[in-house]
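# Understanding the architecture of this molecule
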Amino acid sequence: MASQKLQSVPGSPSGETALSPEEQERERAGQAYFDRIIAEDSRIEPRDWMPEAYRRTLLRQVSQHAHSEIIGMQPEANWITRAPSLKRKAILMAKVQDEAGHGLYLYSAAETLGQSRDKMMQDLIDGKARYSSIFNYPAVSWADMGAIGWLVDGAAICNQVPLCRASYGPYGRAMVRICKEESFHQRQGFEILLELSNGTPAQKQMAQDAVNRWYAPALMMFGPPDDDSPNSKQSMAWNIKRFSNDELRSRFVGMMVEQVKVLGLTLPDPDIRFNEETKKWEHGPLDWNEFKDVLAGKGPCNAQRMERRRQAHEDGAWVREAAAAYAAKQAQKEHAA
Amino acid sequence: MSNETPTSPVVEPVSPVVEPVETGVSTSSTTDSSTTGTPAETPWSLWEVFVRSSRGLSHVHAGSLHAPDATMALRNARDLYTRRNEGVSIWVVPAEAISSSDPDSKGSFFESPQGKDYRHATYYTKSEGVKHL
Amino acid sequence: MTSEHTTDFAIEGHGDISVGVSGAGASGDGSASATRITPGNALRPEDIALEVRRGTAKPSGDVAEYALRLGDDALILAQRLGHWISRAPELEEDIALGNIALDQLGHARSFLTYAGAHWDKSEDDLAYFRREPEFRSAHLFEQPNGDFAVTIARQFIVSYYQFELYKRLLDSTDATIAAISAKALKEVDYHRDHSAQWVLRLAGGTEESRRRIIRGFKLLWPYVEELFEDDELTARLAEAGAGVQPSTLREDFDRLTGEVLAEAGLDAVNDLGLDRIPQSLGGGRRGKHSEHLGYLLAEMQVLAREHPGASW
């Protein structure tokens, strides 16, 4: 057997009719192998055979996750220059920088599924790709840095920790690294809110106001309710998702209920209760129409976020080209020598 | 560095794919940047990063990144993968330079060592209880 | 200083959700990991603050003034660089510039904490509640980011200057200045490398990048002379062995930057015309600044000043 170049995953092409008998046999064997790996709760690795739908689902999920990290830098980056103490400035810088790193880890994982990062980036700035809609809300006060860390990163971590065990190896490994690094993100957000809550009346008001604004969008980060989430079932069958949207949301609410007491603030949701029968936390109604609107581009900052990313990408084109041209010239020189 | 060079078929982690595969979003080709009016640029190539966490340990695959050349790949790797003291040494390897074993022949390629338990000390039970053996 | 300890992977406060990586997804060999993280062991601004509180670090008036200059240079640069995060030419560069900004911010915090000890002021008192004429940074640091080439040109000049400065301050008779410089020196050494690599690439890349980096150098060169100006304070400190005369750094600065520029195919005279660029009068060390600093400070200080006395 010859060694192979790393190459595209041989999933089933869209028109399956043209498969030769050998190809059909390979498909059958591949599917059987894939099914066994999933049944054993083992991991699929990049060049394993995988069903096209599995690959497509993952690619969509991982690239959207990556885009969310990159777009998610913006609301916080806006406050780096205004951070009210040098310590907070350093923390915020490191956090936003981490988000760029997390985007890169995830793009890395997505690339193993057969799409170049350049294509993904192009899809993002062409408006063809999605990212978490929460980043289309504005960060209007310093307390938002706290609320984003505590609620948004908190929700993200809740989502991400089970993803460390996602059946696709590179995705799980990226999530392990990300979860390790993010453990500081939520804590720093909590600390910001705690300082504000224990501060002047104006500071405390700022904190409560931020929690009020970010609470519902954070709950919606877990995705639509289970009965309105058609893809969840398949993702769970493939061991990509480990818990349903509502399950994770309920756990998250349960954690926040306790933590908000330590903060000395309140959650803007009078309907929160622990259901003794189901042993689950329940929350008040969420405005899913708003969620869909924001996802559809009608959020307060959709256009602004996209424009900023596009601008950075386009302004950087000459730099990327220069470095590539330099590398080519150097390679030529070495070749000639 | 003879025995440490990451070559096939030991390394099994990555699959950079040069060929973009359609995802159903659109049927456009890679030269789709016409909408922005910029000419298609030469993308920075993909590098695989290996980090040695401390002296005495092997380099371990950490992930990948993009860079125009090896010099910058090393620097980008330093910034991306060792921000928290994760490493004391870094390797970067062009992703396309890595060859790997064929995933389709997993069975036959790795079958031989199965069942050869005489390669392991535990196979030799008669010497159990004999000291220093 | 802190003792080194390993941070184990544990997400606390998340109830029963455990990472529980198992089976084929785990990284295998437990000892060889690419994600083992530690906080490291180095001089931090908090360590200096602690020494100040204990009374074991107290600068003389001259040393405090000097530390203020060093701290302000680093602070203003960090403020400028921080703006790049989320706007860099490539994501990898967002991270690279972020690291440099964080290094500079660390140096600023250390120097300002130390300087503040003389007037019973904290780093934040100095950063957020001084007026523009009270800042002691040189004009180069407050120059706008411009395009990536301008930022790289500024980084190139700054890092070669700071490297020579901190190298000499290792021998400062003031132990705290020497200690901060020792930490900063290693980081600035990397900043030199980062900017030099980019100078090579921009100068030797495309016609456009070459044009832009040349423009960047021409734009910033007027502010080079100010970095190397001696004055009464530096004379006294040099005499006492606590500081250095900036003019003594110039020769090494010229030689080392010249080597990189030559490698980049940028002739200081023919390509850059550096010898014909008039040098700005400067005045930053005396609190006389360009038009740029006011905007920078307005943005940096706005929130803190809205809530005087507040804790964050």
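Residues numbered from 1 in each chain as written. Chains lettered and ligands numbered in written order. Predicted model: local features only at pLDDT ≥ 70, side-chain atom pairs only at ≥ 80, totals over all residues. Heavy atoms only, no water.

A few words now on the sheet that holds strand S2 (residues 59-67) of chain B. Residue and element names in this part refer to chain B. Within the open sheet, the 3 strands sit side by side as S2-S1-S3. Their pairing is antiparallel. Each of the sheet's edge strands pairs with one partner strand only, and the pair in question is S2 and strand S3 (89-94). Neighbouring strand axes in the sheet, compared pairwise and without regard to direction, differ in orientation by 30° on average. Where strand S1 (residues 45-52) and S2 come together, 8 bridges link them in antiparallel fashion. The partner of Ser45 across the bridge, within S2, is Ala67. (Pairing = 2+ DSSP bridges. Helix = DSSP H or I, 4+ residues; strand = E, 2+ residues; numbered from the N terminus. Axes fitted to C-alpha atoms, helices over the stretch in contact; angles between N-to-C directions.)

Listed by partner, the interface residues are 22 residues for chain B and 20 residues for chain C. For the pairing of chain B and chain C, the buried interface totals around 2000 Å² over both sides, and the portion due to carbon and sulfur atoms is 56%. The tally of links from chain B across to chain C stands at 2 salt bridges. The shortest N-O distance in the salt bridge between B:Asp69 and C:Arg201 comes to 2.9 Å. (Contact = heavy atoms within 4.5 Å. Buried area = accessible area lost by both parts, 1.4 Å probe. Salt bridge = Lys/Arg side-chain N within 4 Å of Asp/Glu carboxyl O.)

Let us now look at the interface of chain A and chain C. Facing 65 residues of chain A, the contacting portion of chain C comprises 65 residues. Contact between chain A and chain C buries roughly 5700 Å² in total, counting both sides, with carbon and sulfur atoms accounting for 65%. Scanning the region where chain A abuts chain C turns up 2 salt bridges. Taken together, chain A and chain C are joined by 17 residue pairs in polar contact (both at pLDDT 80 or more). The biggest single contributor to the side of chain A that touches chain C is helix H4 (residues 86-111) of chain A, with 13 residues. A class-by-class count of the residues in the side of chain A that touches chain C yields 36 nonpolar, 11 polar and 18 charged. (Polar contact = N/O pair within 3.5 Å; in protein donor to acceptor, adjacent residues only side chain to side chain. Nonpolar A, V, L, I, M, F, W, Y, C, P; charged D, E, K, R; others polar.)

The next point concerns empty space enclosed by the protein. Where empty space is left can be seen by rolling a probe of water-molecule size over the atoms. Applying the stated criterion across every chain yields a total of 5 cavities of 30 Å³ or more. Looking at the largest cavity, its volume works out to about 80 Å³. Around the largest cavity, the lining residues are C:Tyr66, C:Arg69, C:Leu70, C:Tyr161, C:Leu165, C:Glu226, C:Leu227, C:Glu229, C:Thr234, C:Val244, C:Pro246 and C:Arg285. Counting residues per element, the lining of the largest cavity draws most heavily on helix H2 (residues 61-82) of chain C, at 3 residues. Approximately 50 Å³ is the volume found for the second largest cavity. If you go around the second largest cavity, the residues you meet are A:Arg117, A:Asp118, A:Met121, A:Arg309, A:His313 and C:Glu90. Secondary structure elements with two or more residues in the lining of the second largest cavity: helix H5 (117-125) and helix H12 (302-315) of chain A. For the lining of the second largest cavity, the leading source of residues is H5(A), giving 3 residues. (1 Å grid on protein atoms, 1.4 Å probe; cavity = no way out; pocket = protein on both sides within 12 Å on 5 of 7 lines; lining within 4 Å. Points joined across faces, edges and corners; volume = space filled by probe spheres on them.)

What follows concerns helix H11 (residues 288-298) of chain A. Since the α-helix turns once every 3.6 residues, residues separated by three or four places project in the same direction. Residue and element names in this part refer to chain A. Listed in full, the buried residues belonging to H11 are Trp288, Phe291 and Val294. Taken around the axis of H11, the buried residues stretch over an arc of 120°, which confines them to a single face. The outward face of H11, more than 90 degrees from its buried face, is lined by the exposed residues Asn289, Ala296 and Lys298. The distance from a side-chain oxygen at the start of H11 to the backbone nitrogen of Asn289 is 3.1 Å, and the residue carrying that oxygen is Asp287. (Buried < 20%, exposed > 50% of the residue type's maximum accessible area, 1.4 Å probe, protein only. Arc of directions from axis to C-beta.)

Below, the discussion takes up helix H1 (residues 21-39) of chain A. Residue and element names in this part refer to chain A. Helix length check: H1 (19 residues) gives 27 Å between terminal C-alpha atoms against 27 Å at 1.5 Å per residue, within 8%. Among the residues of H1, those classed as buried are Glu27, Gly30, Phe34, Ile37 and Ile38. What you see down the axis of H1 is that its buried residues fit within an arc of 95°, all on one side. When the buried face of H1 is taken as reference, the exposed residues oriented beyond 90 degrees from it are Pro21, Glu22, Arg28 and Ala39. Elements that come into contact with the buried residues of H1 comprise helix H2 (52-71) and helix H9 (232-237). (Expected span 1.5 Å × (residues − 1).)

Attention now goes to the environment of A:Ala139. All names here are of chain A. Its location among the elements puts Ala139 in the loop between H5 and helix H6 (143-163). For Ala139, a relative accessible area of 15% translates into the label buried. For the pair Ala139 and Trp214, spaced 75 residues apart in sequence, the C-alpha to C-alpha distance is 9.5 Å. Every residue in contact with Ala139, bar those within four places of it in the chain, is listed here: Pro75, Trp79, Asp144, Met145, Ile148, Trp214 and Arg305.

Attention now goes to the confidence of the model for chain A. The predicted coordinates of low-pLDDT regions are not to be read in fine detail. Considering every residue of chain A, the mean pLDDT works out to 92; 95% of them sit at 70 or more. In the predicted structure, residues 1-15 of chain A sits below a pLDDT of 50 and forms 39 contacts with residues beyond four places in sequence or in another chain. (pLDDT = per-residue confidence, 0-100.)

What follows covers the side chain of A:Arg308. Along the chain, A:Arg308 turns up in helix H12. The side chain of A:Arg308 is buried and forms no salt bridge, while C:Asp94, the nearest opposite charge, is found at 8.1 Å. What A:Arg308 contacts, discounting residues up to four positions off in sequence, is A:Gln74, A:Ala77, A:Asn78, C:Ile85, C:Ser86 and C:Arg87. (Lys, Arg positive; Asp, Glu negative; His and termini not counted.)

What follows concerns the side chain of A:Arg177. Topologically, A:Arg177 is positioned in helix H7 (residues 169-197). One buried charged residue, A:Arg177, forms no salt bridge at all, with the nearest opposite charge on B:Glu86 at 4.1 Å. Setting aside chain neighbours within four positions, we find A:Arg177 in contact with A:Tyr105, B:Ala62, B:Tyr81, B:Glu86, C:Ala34 and C:Thr35.

Attention now goes to the nonpolar core. Where a protein is soluble and globular, its nonpolar side chains tend to be buried together. A:Trp142, A:Trp150, C:Leu202, C:Phe217 and C:Leu266 are the most contacted members of the largest nonpolar core, which totals 204 residues. Here the element with the most residues in this core is helix H6 (residues 148-169) of chain C; it accounts for 14 residues. Among residues more than four places away in sequence, those in contact with C:Leu266 are C:Val199, C:Ala203, C:Arg210, C:Ile213, C:Ile214, C:Phe217, C:Leu261, C:Asp271 and C:Leu272. (Core = buried A, V, L, I, M, F, W, Y, C linked by side-chain atoms within 4.5 Å.)

This part takes up unusual backbone geometry. Residue and element names in this part refer to chain A. Positive phi values are uncommon outside glycine, yet Asp41 reaches one of about 55°. Within the fold, Asp41 resides in the loop between H1 and H2. Residue Asn239 is not a glycine yet carries a positive backbone phi of 60°. Looking at where Asn239 falls in the secondary structure, it is placed in the loop between H9 and helix H10 (245-263).

We now examine the packing of helix H1 (residues 45-54) of chain C against helix H3 (residues 91-119) of chain C. Residues and elements named next belong to chain C. Between H1 and H3, the least distance of the axes is 8 Å, while the angle of their chain directions is 10°. Taken together, H1 and H3 sit at an angle that is classed as roughly parallel. In this structure, H1 contributes Pro45, Glu46, Ile48, Ala49 and Val52 to the contact, and H3 contributes Gly106, Arg109, Ser110, Thr113, Tyr114 and Ala117. (Parallel < 35°, antiparallel > 145°, perpendicular 65-115°, else oblique.)

Let's shift gears to a nonpolar patch on the surface. Residues and elements named next belong to chain B. A cluster of nonpolar residues, Tyr118, Tyr123 and Tyr124, forms a patch on the protein surface that exposes about 340 Å² of accessible area. Checked against the element boundaries, Tyr123 lands in the segment after helix H2 (106-109). For Tyr123, a relative accessible area of 41% translates into the label partly exposed. (Patch = residues over 30% accessible without salt bridge, like charges linked within 9 Å, V, L, I, M, F, W, Y side chains within 5 Å. Areas by Shrake-Rupley, 256 points an atom, 1.4 Å probe, with all protein chains shown as cover.)

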